[in-house]
Amino acid sequence: MRSHRPAMLTAEEAAALHPAPEVTESKVRRLRLLATDPNPKIREAVASSYNTPEDLFLTLAKDPDEGVRGCVAKNEATPCDILRMLADDRSETVRGWVAVNYFVPSDVMEKLATDRSRTVRSLVTWKASLAEEGQPAERQPEEGQPAERRPVSAV
């Protein structure tokens, strides 16, 4: 039976077999429209998209809903300057998502290491321990990620 089981693909192999559709102006217009929806869950979906334009990330980072700001904070496509801004968010949850974002700049991690929230500080410590254990110490940016962004996994 083992010889007949399906082959397991790596994430890269699966992505190559099923490429993401092209980002069109129409898709960006839809994201812009959905970002103004009164339902915060719809705005969260826009904040979670890798195709969200930078100016829209900035708008959503200022959203009154904590869940929307949290989705911006955990999105690996969020620009570093916006992550820096969210590191000062009034919500401990949002700051926690910034701390575990794989592409958060090291200066932000240093700042969060002294955060007033024990939970945020614990997340920074946990993430640093992953780097020490040799877990995802280095990861290539996914297609569409700016080349200058590099993952930071420790303080």
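Residues numbered from 1 in each chain as written. Predicted model: local features only at pLDDT ≥ 70, side-chain atom pairs only at ≥ 80, totals over all residues. Heavy atoms only, no water.

## Concerning the overall build of the chain
The cut-off we apply is this: Each helix is a run of H or I in the DSSP string that is no shorter than four residues. Each strand is a run of E no shorter than two, and both are numbered from the N terminus. Exposure categories follow from relative accessible area, calculated using a 1.4 Å probe and restricted to protein chains: below 20% of the type maximum is buried, above 50% is exposed, and the middle band is partly exposed. Contacts between residues were defined by any pair of non-hydrogen atoms, one from each residue, lying within 4.5 Å. Each accessible area is a Shrake-Rupley result for a 1.4 Å probe, and residues are judged covered by the shown protein chains and nothing else.
Helix and strand content of the chain: nine helices and zero strands. Ordered by position from N to C terminus, the α and β elements of the chain give α-α-α-α-α-α-α-α-α. For the chain, buried positions account for 36% of its 155 residues. For the chain, the share of sequence-separated contacts (at least 6 apart) that also reach a separation of at least 24 residues comes to 49%. Here the chain has roughly 9,800 Å² of accessible surface; of this, 55% comes from carbon and sulfur atoms.

## Description of helix α4 (residues 54–61)
The following threshold applies: Summarising the geometry, the arc corresponds to the directions from the helix axis toward the C-beta atoms.
Taken together, the buried positions of α4 are Leu56, Phe57, Leu60 and Ala61. In a view along the axis of α4, the buried residues occupy a sector of 140°, so they form one face of it. For α4, the elements touching its buried residues are α2 (25–34), α3 (40–48), α5 (66–74) and α6 (80–86).

## Focus: the environment of tryptophan 126
Looking at where tryptophan 126 falls in the secondary structure, it is placed in helix α9 (residues 118–132). Through-space distance from the C-alpha of tryptophan 126 to that of valine 100 is 9.0 Å; in sequence the pair is 26 residues apart.

## Some words on the confidence of the model for the chain
The test is simple: Here pLDDT means the predictor's own confidence in every residue, given as a number from 0 to 100.
Here the chain averages 87 in pLDDT, while 83% of its residues score no lower than 70. Every residue in residues 136–147 is under pLDDT 50, and counting partners more than four places away or in other chains gives 18 contacts.

## Notes on the packing of aromatic side chains
Formally: The aromatic pairing rule takes the rings of Phe, Tyr and Trp, using the six-membered ring of Trp, and pairs them if the centres are within 6.5 Å, calling planes under 30 degrees apart stacked, those over 60 edge-to-face and the rest tilted. Charge-over-ring contacts are defined here by two conditions on Lys NZ or Arg CZ: a distance within 6 Å of the ring centre and an angle within 35 degrees of the ring normal.
Per the stated rule, a full pass over the model turns up one aromatic pair. Consider the rings of tyrosine 102 and phenylalanine 103, whose centres lie 5.7 Å apart with planes at 80°: the pair is edge-to-face. The same class applies to tyrosine 102 and to phenylalanine 103, which are both buried. For lysine 74, the ring lying beneath its charged end belongs to tryptophan 97, and the centroid distance is 4.1 Å.

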